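Now for the letters of each chain:
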Amino acid sequence: TESCLKACIEACGPGVKLSKIGEICSEMSEAAGYESSDSFCGHGIGQTFHMAPLVFHTRNNSNLELVPGLVFTIEPIFCQGSMKFYEHADGWTVSTVDGGLAAQYEHTIIITDNGAEILT
């Protein structure tokens with residue numbers, strides 16, 4: 001998952017479609033024998049903490065082009081078994097429906113004139 005996050009960040013830059021992130025996550029998770037979760041997504045950072053754009057970590061058809069100054073999170077989750085989750089009674093904790101392990105990494109980035117910079 002960590003190497004996927006790094007690959008996603010390296011692929012980001014002006015003119016790149018946001019859907020490239022989902023493409024990379026799907027390809028890398030499948031190559032490793034895992035599933036990339038579609039239950040959670042990254043998000044924009046701006047006037048509010050969780051805002052558009054939504055950053056999906058599975059194949060998608062977002063045509064949004066990245067532009068300098070855009071700030072968002074990339075948060076891939078790779079699942080050992082099912083990519084579906086259920087929420088515990090505490091309203092915060094989640095587990096995969098089949099009890100398989102999951103791993104998640106994330107960073108907040110800003111698109112620059114030359115690529116992307118990690119802010120976290």
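Preceding this section is the structure that the text describes.
Computed from a predicted model, the values in this text were never measured in an experiment.

What counts as what
Residues numbered from 1 in each chain as written. Predicted model: local features only at pLDDT ≥ 70, side-chain atom pairs only at ≥ 80, totals over all residues. Heavy atoms only, no water. Salt bridge = Lys/Arg side-chain N within 4 Å of Asp/Glu carboxyl O. Helix = DSSP H or I, 4+ residues; strand = E, 2+ residues; numbered from the N terminus. Buried < 20%, exposed > 50% of the residue type's maximum accessible area, 1.4 Å probe, protein only. Phe/Tyr/Trp six-rings, centres within 6.5 Å; stacked < 30°, edge-to-face > 60°. Contact = heavy atoms within 4.5 Å. Expected span 1.5 Å × (residues − 1). 1 Å grid on protein atoms, 1.4 Å probe; cavity = no way out; pocket = protein on both sides within 12 Å on 5 of 7 lines; lining within 4 Å. Points joined across faces, edges and corners; volume = space filled by probe spheres on them. Nonpolar A, V, L, I, M, F, W, Y, C, P; charged D, E, K, R; others polar. Polar contact = N/O pair within 3.5 Å; in protein donor to acceptor, adjacent residues only side chain to side chain.

Engineer: Help me understand the pattern of salt bridges in this model?
Structural biologist: A side chain with one charge can pair with a side chain of the opposite charge if their charged atoms come near. Evaluation of the coordinates by the stated rule reveals four salt bridges. Ionic pairing is found between K20 and E23, a salt bridge with its closest N-O pair at 3.3 Å. With a gap of three residues between them, K20 and E23 both fall in helix 2 (residues 19-31), about one helical turn apart. Where K84 meets D38, a salt bridge forms, and the shortest distance between an N and an O atom there is 3.1 Å. Here K84, found in the loop between strand 5 (77-79) and strand 6 (85-87), pairs with D38, found in the loop between strand 1 (35-36) and strand 2 (42-44); they are 46 residues apart in sequence, far enough to count as distant. Among the residues examined, K84 registers a relative accessible area of 39% and is labelled partly exposed.

Engineer: Before we go on, may I ask you to explain the packing of aromatic side chains in this structure?
Structural biologist: Aromatic ring pairs are defined here through the distance separating the ring centres and the angle between the ring planes. Enumeration according to the criterion identifies one aromatic pair in this entry. Ring centres 5.2 Å apart and planes at 75° place the aromatic pair F40 and F85 in the edge-to-face group. Of the two residues, F40 sits in the loop between strand 1 and strand 2 while F85 sits in strand 6, which places them 45 residues apart along the sequence. Residue class for F40 comes out partly exposed when judged on its relative accessible area of 35%.

Engineer: Would you mind showing me how to read the side chain of T58 here?
Structural biologist: Mapped onto the secondary structure, T58 falls in the loop between strand 3 (51-55) and strand 4 (71-74). Residues within four places of T58 in sequence aside, it is in contact with G22, S26, S36, S37 and D38.

Engineer: Where do I start with helix 2 in this structure?
Structural biologist: What sets the pattern is the α-helix's 3.6 residues per turn: residues three or four places apart point alike. The end-to-end C-alpha distance of helix 2, which contains 13 residues, comes to 18 Å, matching closely the 18 Å that a straight helix rising 1.5 Å per residue would cover. Looking at helix 2, one finds that the buried residues are S19, I21, G22, I24, C25, S26 and S29. Here the buried face of helix 2 lies against helix 1 (2-11), strand 1, strand 3, strand 4 and strand 5. Once helix 2 ends, the next one or two residues include G33, with phi positive near 85°.

Engineer: Explain the layout of surface pockets to me, please; I cannot follow it from the model alone.
Structural biologist: Empty pockets left among the atoms are what a rolling probe the size of a water molecule brings to light. Put simply, the largest pocket is a space of about 520 Å³. Taken together, 21 residues line the largest pocket, and the ones lying closest to its centre are F40, E75, I77, W92 and V94. Counting only elements with at least two residues in the lining of the largest pocket, the list comes to strand 2, strand 6 and strand 8 (102-104). For the lining of the largest pocket, the element with the most residues is strand 8, which contributes three residues. Broken down by class, the residue content of the lining of the largest pocket amounts to 10 nonpolar, eight polar and three charged.

Engineer: I'm lost on the side chain of T73 in this one. Help?
Structural biologist: The residue T73 is located in strand 4 in this model. In terms of polar contacts, T73 uses its side chain to reach the side chain of E75, at 2.7 Å. With sequence-adjacent residues up to four places away left out, T73 is seen in contact with G42, H43, I45, V55, H107 and T108.

These figures capture arrangement, not role.
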